[in-house]
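Observations on chain architecture
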Amino acid sequence: MGTTVVLEKEHAYPAAVFIAYVLAVQFYMAGKVMGARKKYGVKYPTLYADKRDVKEAHEFNCIQRAHQNNVENAPNFYGLLLIASLQNPKVAGIAGVVYFLGRLAYFSGYASGVPSKRNVGAFSYLGLFTLLGQSGYFVYNLLT
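Residues numbered from 1 in each chain as written. Predicted model: local features only at pLDDT ≥ 70, side-chain atom pairs only at ≥ 80, totals over all residues. Heavy atoms only, no water.

Now for the overall build of the protein. Within the protein one finds 4 helices and 0 strands. When the elements of the protein are put in sequence order from the N terminus, they spell out α-α-α-α. When the backbone C-alpha atoms are referred to their principal axes, the protein occupies close to 60 × 25 × 25 Å. Here the protein, with 144 residues, has 38% of them falling under the buried criterion. A fraction of 69% describes how many contacts in the protein between residues 6 or more apart in sequence connect residues 24 or more apart. (Helix = DSSP H or I, 4+ residues; strand = E, 2+ residues; numbered from the N terminus. Buried < 20%, exposed > 50% of the residue type's maximum accessible area, 1.4 Å probe, protein only. Contact = heavy atoms within 4.5 Å.)

What follows is the structure, given as C-alpha cells:
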C-alpha cells in the first residue's frame, strides 16, 4: 500500500517559503554576521567573541547567536514544512510565512544587542505549532 501525492499549484506556497527562509538565513543573517565581524574585528574561526579580545563582544555575540539559533532550528522547520505541505499546502504555506516572519523578528530583536528583544519573534511558534499539528495529522491519516 502506498500513498500518491499529486503536486498542485498550491504546493508552490510552502516551496516559496522554504526558498525565502534559506535566502534569509544564508545571505541576510549570515551577511549581518560577516559585517559584524568586520566592524568589531572578530577574526575567523572565532565563533563567539571574548570581552578580553573584543571590546564590543556582547554586540557581536548577539548578532552571531541570533543567526546561529536560526541555523539550529532550520532543519526542524524544513522537515515540518515539507510534511505539512503534503496534505495541506495552503495551511503549510501560511504557517510557514508566520514562522518565517517570526524568525526575522527574533533575529532583528536579538541582533539589536538587547537579548530580551528576541522575544518579539515569539509569534513564530504559532506557525511552528501549526506545522507540527498538520504534520501529525498527516502521519495519523497515513496510519489509519
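Time to look at the environment of Glu 59. Topologically, Glu 59 is positioned in helix α2 (residues 57–87). As a C-alpha pair, Glu 59 and Ser 112 span 53 residues in sequence and 7.6 Å in three-dimensional space.

Right, let's talk about a nonpolar patch on the surface for a bit. A cluster of nonpolar side chains, namely Val 5, Leu 7, Leu 82 and Leu 86, defines an oily patch on the protein surface of about 360 Å² accessible area. Residue placement: Leu 86 occurs in helix α2. Residue classification places Leu 86 among the partly exposed positions, given a relative accessible area of 30%. (Patch = residues over 30% accessible without salt bridge, like charges linked within 9 Å, V, L, I, M, F, W, Y side chains within 5 Å. Areas by Shrake-Rupley, 256 points an atom, 1.4 Å probe, with all protein chains shown as cover. Salt bridge = Lys/Arg side-chain N within 4 Å of Asp/Glu carboxyl O.)

Residues Tyr 21, Phe 77, Leu 81, Ala 92, Tyr 99, Tyr 110 and Leu 131 are the most contacted members of the largest nonpolar core, which totals 21 residues. Of all the elements in the fold, those that place two or more residues in this core are α1 (12–40), α2, α3 (89–111) and α4 (124–143). Counting 9 residues, the second largest nonpolar core, distinct from the first, contains Val 33, Tyr 40, Phe 60 and Ile 63. (Core = buried A, V, L, I, M, F, W, Y, C linked by side-chain atoms within 4.5 Å.)

Time to look at the packing of α3 against α4. Packing of α3 against α4 brings their axes to within 7 Å, and their N-to-C directions diverge by 150 degrees. Relative to α4, α3 is oriented so that their crossing is left-handed. In contact with Val 91, Ala 92, Ala 95, Val 98, Tyr 99, Gly 102 and Arg 103 of α3, α4 contributes Ser 124, Leu 126, Gly 127, Leu 128, Thr 130, Leu 131 and Gln 134. Looking at side-chain class alone, the contact of α3 with α4 contains 8 nonpolar, 5 polar and 1 charged residues. (Axes fitted to C-alpha atoms, helices over the stretch in contact; angles between N-to-C directions. Left-handed = near helix turned anticlockwise from the far one by under 90°. Nonpolar A, V, L, I, M, F, W, Y, C, P; charged D, E, K, R; others polar.)

For α2, with 31 residues, the first-to-last C-alpha span of 46 Å sits near the 45 Å given by 1.5 Å per residue. The largest bend in α2 comes to about 40 degrees, at Asn 73, with the proline Pro 75 one to four residues further on. (Expected span 1.5 Å × (residues − 1). Bend = angle between axes of the 7 residues up to and from the residue.)

A few words on the pattern of salt bridges. Summed over all chains, the structure comprises 2 salt bridges. Here Glu 72 and Arg 65 are joined by a salt bridge, their closest N and O atoms 3.0 Å apart.

Glancing now at the environment of Asn 76. With respect to the helices and strands, the residue Asn 76 is situated in helix α2. Once the C-alpha coordinates of Asn 76 and Ala 57 are considered, the two residues, 19 residues apart in sequence, prove to be 29 Å apart.

With respect to the helices and strands, Ser 124 occurs in helix α4. Not counting residues within four places of it along the chain, the set of residues in contact with Ser 124 comprises Val 98, Tyr 99, Gly 102 and Arg 103.

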